[in-house]
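Below, each chain spelled out in residue letters.
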Amino acid sequence: MAPPRAAKRAKLVAAPPPPPERGEDDYVAGNIVEIELCNFMTYDRLVCRPGPRLNLVVGPNGSGKSSLVCAVALGLAGEPNILGRASSVGAFVKRGEVAGHVKISLRGETPDDRICITRKIDTENKSEWLLNGAIVLKKEVIDIIKKFNIQVNNLTQFLPQDRVSEFAKLSPIQLLEETEKAVGDPDLPVQHRQLVERSKELKALEVALKQKEHTLNNLKALNAEHEKDVERIRLRDNLLRKAELMKKKLPWLKYDKMKKEFIDIVQEQEKIAKEKMEEAARIWDDAKGPIEELKKKKATYTLNMKKIVNQVNENMTNRQKVTDQELQLNRELKATFDDIDDLKKQEKSRQHRILKAKEDLAAAEKELEDLQPYEQPRAEMAQFAEQIAQINIEIRNLKGERNIVESQLAQEDQDMGRCSYRLKEMESKNNKLLQALQSTGADNIIEAYHWVQQNKKNFRREVYGPVLLEVNVQDKLHATYLENHVPNYIWKSFITQDASDRDYMVGQMKKYGIPVLNYVVNEGIRRQPLNITPEMKQLGISSRLDQVIDAPDAVKDVLISQAALDNSYIGTDETHRRADEVSKLGIYDFWTPENHYRWSKSRYSGYTSASVAAVYPSRLFKSKIQRQQRQLEDEEANIHKQKEEIINMMRSQKKKREDMQRRVDMRRRVVEDLSKEEDVESSTRKLVDQVAKLNAERFQAMIKLKDLLIGAVALKWSHAEKQMSSIELDAKIWEMEKGVKKFEKDANLAAREYEDRKRITHEHKMKLSMAKQHAESIAKITKDLAKEFVEMPDTVEDLEAAIQDTESEANSMLFLNQNVLQEYQNRQREIESISNKLKDDKDQYEICCSEIETVKGKWLPTLRTLVSKINDTFSRNFQEMAVAGEVSLDEHGVDFDHYGILIKVKFRQTSQLQVLSAHHQSGGERSVSTILYLVSLQDLTNCPFRVVDEINQGMDPINERKMFQQLVRAASQINTPQCFLLTPKLLPDLEYSDACSILNIMNGPWIEKPAKVWSAGDCWRTVMSTAGP
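Residues numbered from 1 in each chain as written. Predicted model: local features only at pLDDT ≥ 70, side-chain atom pairs only at ≥ 80, totals over all residues. Heavy atoms only, no water.

Draft legend 1. Layout of the environment of A563. Following the sequence through the fold, A563 ends up in helix α16 (residues 553–563). Under the relative-accessibility criterion, A563 is labelled buried at 10%. A sequence separation of 78 residues divides A563 from H485, and the C-alpha atoms of the two residues are 7.2 Å apart. Beyond its immediate stretch of four places on either side in the chain, A563 contacts H485, V486, P487 and V558. (Helix = DSSP H or I, 4+ residues; strand = E, 2+ residues; numbered from the N terminus. Buried < 20%, exposed > 50% of the residue type's maximum accessible area, 1.4 Å probe, protein only. Contact = heavy atoms within 4.5 Å.)

Below, the structure is given as structure tokens:
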């Protein structure tokens, strides 16, 4: 039986926390001190600072009162469905916007401590939570809200407009649950849930106990009816069990019989075969002994013969070496005689060569003495070096002058008319610019330019053009900006300063396809001064396009009017990196080395658009290479060439003298070498001595060859003797091996017979092992089984007969139901199991009852006291309104899930108290009852604030006035929580106290100015005067 489960320990319930105390600012911890909305429902932006007590939120229908309630609920981690408006947060974003936020500021433990909770929402139903400005998870926000006991899903704390009807529909059970959560001990709802769960367990245990007791009695009765049949079945089972035991002994008897045959026959035959094999092997080994001795002796002879053969081969090798040595000495002797003959011939030739070399040496020395020394042209070289240095200085000066000239192109344009060379250069430049214009699409620009030059006398005032020829830019990068900025048609245009000149030019330029622009002198453009602020300098802005060009005033004014050069600024790479900041300075057109940035604003919608274009390289403005620099560089190259020719001539003269000296030295060495050669007599004596030495070496070699031949003959004789002895031993060994083969055959036959007996023995062992495994698989012999085997027959035949008799006796017993015993045993086991479970359930039932009584003893008195306090306040409030009402606890014994709170009211003297419902009271009466019930909870609640939205709708003026007085009186008490009452109207001449705060919500196109004045604290008269008539 399983041990009973131990009783659960009763949960210790902490005492309810004391109500929060108000600080110097009259707020308590958890009060809402500020509400901020942005793009939320009907609001663009709202900042609201409610008071610490009763807050009357007043405004016309549709002004956004309920939006404030929705903001509080969503900002404090509420779900959209508790508001009864929408199922997703995206629906609360203001129409036309993509995102918004709600920021709720709660008072902390001290007046200076604020907890700011921000919820950002968007139309994609995503939320982001911030706590005091830091991004956090929603769980952290919920923990803060639970700390202050804020329950936006509790209708007694938070009653939005769309859920007012739901409060009236709350059943007594639901009303009790909401009241427990909102007021009193925070452990009341926990204890209530424990009681409900325990009561359900108790009911389930009662049903289980009844079912198990009934089942146990039925099983015991059935077993009592079948006890006789069970006894007969047990007797039959004993006989069958005895037969099974005999069957277990049968394989063991067969195993013992096989084992005895194995030991007596098979093993004995194997032993005899082994003895025969060993005897045959011994005889064979005795016969092989003399043969092995002879073979060892023969091996010794063979080894000696090999050594003699090696010695013979070594003797032959030595004889070959001596022979080769003698032949080499003979060849050297012959060569020595040949050398003696050559010496005599060389002596004659040497004398002749000495005479010839002395003659050549005398001639070379005379030629060297006659050769005049070469002097280097040092003066000319110094002069050339000085000229090159001077030219280099002039080149560097010209390069510097070229850089200065390029940076002052505007000044050079004014001086071009002073000299003809400058005029020609200018003309050349104009031609290149005209060709550049022609390549861009102005095919007839050159003809048009020449026509204007030829007809200048026909114009009243000066005509400029094309514009490209009139404009000068010093900086290449600025020229690139200017070419990209100004339209192409302006560069090829002509500018007139008189209307008649314009008409005349237009008529002539049509055939060339060139535009004409007219500039009126009296209507000159007012140029804007350049003002580069420190902020512009930080962003890299340095100038404007109209400041970097040099042109006649008329041309410059036309470019400013046509291309707005005075609005286009010049920047750097820093400007490119911080382009977004430049537009904030009011600059909407600027250039950087990489891009052109431009902002434009629509005249209709006011929308600002930006564009970024790449800077294309200039094709019209190009730099030139100075001709004077090229001429100086050519002159420098010529001087270098002359210097190189002089150096090459010096090198040639020096090489010629060195070659002459080298030939003299070589001929002098030849004479010296010939003089140093030895005479013929000394060389001949050396060769004769060498011949004598070679003859002595040949004699020694022949003596050594004779000794080697004598040794070779002795070795051959010894080898022949050893070989004859070895042949005799081979014959003896062959004769003896013929007799040994018969003994070998007998030994092999005996070994095969022994192997066969071993195989047969192994097969019998395998059969014996299988028989034992079979017997063990049926039954392993234990002490008890061995005792039972002793009482059974000892032979196989007797045991098989006994098995047959026992089975026949057991089969003679017949039964109508073969499963009686099995059913009896199953029922018996079930009886034991149910008995154990029944005992456990009874113990659990007692434990559950004890726990229910313990929790009930804490919960019910506290709840009764709480309902009694609510009833006192509720009844008193109704009496003051000349009606009657009460609140009572609807108790149902241990059915704790049926407990509830009944609100009974009557609004007529003749009627009786009736439970509040939609069937007995009107809408106004239900609203009065609801608000008075909420007022009754205020003294008992431990929540920081309560929200009620338009609860006074449908009330008659009398009830509404009385209800308002009740709210004001309750708000003036010390421990009353912060309250928000939303209403579209208030009755006139209501009584207010300092605990009341009025929050007016208005909307409309002219409300912004009065709202600012009102927020500053001015009186309504000042507000009206500001708004105007």
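Draft legend 2. Representation of the sheet that holds strand β4 (residues 99–107) in the model. Pairing is antiparallel in the open sheet, where 6 strands are placed in the order β2-β1-β4-β5-β6-β7. Unpaired on one side and paired on the other, β2 (43–48) and β7 (134–136) mark the two borders of the sheet. If you compare each strand with its neighbour and ignore which way they point, the axes differ by 20° on average. With 9 bridges joining them, β4 and strand β5 (residues 114–122) adopt antiparallel strand pairing. Directly across from A99, in β5, lies its bridge partner D122. Contacts from helix α1 (residues 65–75) reach β1 (32–40), β2, β4, β5 and β6 (127–131), with the element oriented near 105° to β1. Against the sheet, helix α2 (residues 138–147) engages β5, β6 and β7, with an angle of about 140° to β5. (Pairing = 2+ DSSP bridges. Axes fitted to C-alpha atoms, helices over the stretch in contact; angles between N-to-C directions.)

Draft legend 3. Quick look at the packing of aromatic side chains. According to the stated counting rule, one finds 11 aromatic pairs in the structure shown. Here the aromatic rings of F945 and F980 are separated by 6.4 Å at their centres, their planes lie at 90°, and the arrangement is edge-to-face. With a gap of 35 residues between them, F945 in strand β21 (residues 945–949) and F980 in strand β22 (residues 978–983) connect regions that are remote in the sequence. For the pair shown, F945 and F980 are each scored as buried. Connected via pairs of aromatic rings, a cluster forms that spans W451, F459 and Y504. (Phe/Tyr/Trp six-rings, centres within 6.5 Å; stacked < 30°, edge-to-face > 60°.)

Draft legend 4. Seen up close, the pattern of salt bridges. Counted under the stated rule, the structure contains 21 salt bridges. The salt bridge partner of K212 is D841, with a shortest N-O separation of 2.2 Å. Taken together, the residues K212 in helix α5 (residues 188–225) and D841 in helix α23 (residues 820–880) connect sequence positions 629 residues apart. Here E581 ties to R578 by a salt bridge, and the two come within 3.0 Å at their closest N and O atoms. (Salt bridge = Lys/Arg side-chain N within 4 Å of Asp/Glu carboxyl O.)

Draft legend 5. Fine view of helix α12 (residues 476–485). Here α12 lies mainly inside the structure; 7 of its 10 residues are buried. Buried residues of α12: H478, A479, T480, Y481, L482, E483 and H485, and no others. The residue sitting at the N-terminus of α12 and contributing the capping side-chain oxygen is D475; that oxygen lies 2.8 Å from the backbone nitrogen of L477. (Polar contact = N/O pair within 3.5 Å; in protein donor to acceptor, adjacent residues only side chain to side chain.)

Draft legend 6. Spotlight on the pairing of β22. With 6 of its 6 residues buried, β22 lies for the most part within the structure. Burial along β22 is two-sided: the residues Q978, F980 and L982 and C979, L981 and T983 are all buried. When strand β3 (residues 54–58) meets β22, the two strands line up parallel, connected through 5 bridges. Each residue of the ladder has a partner; that of V58, found in β22, is T983.

Draft legend 7. The sheet that holds strand β15 (residues 589–591), seen in detail. The strand order β12-β14-β15-β16-β17 describes an open sheet built from 5 strands, whose pairing is mixed. Strand pairing shows two members of the sheet lacking a second neighbour, β12 (543–544) and β17 (608–614), which therefore form its edges. The strands touched by α12 are β14 (569–570), β15 and β16 (595–601); relative to β15, the strand with the most contacts, the crossing angle is about 140°.

These values are about where atoms sit, not about what they do.
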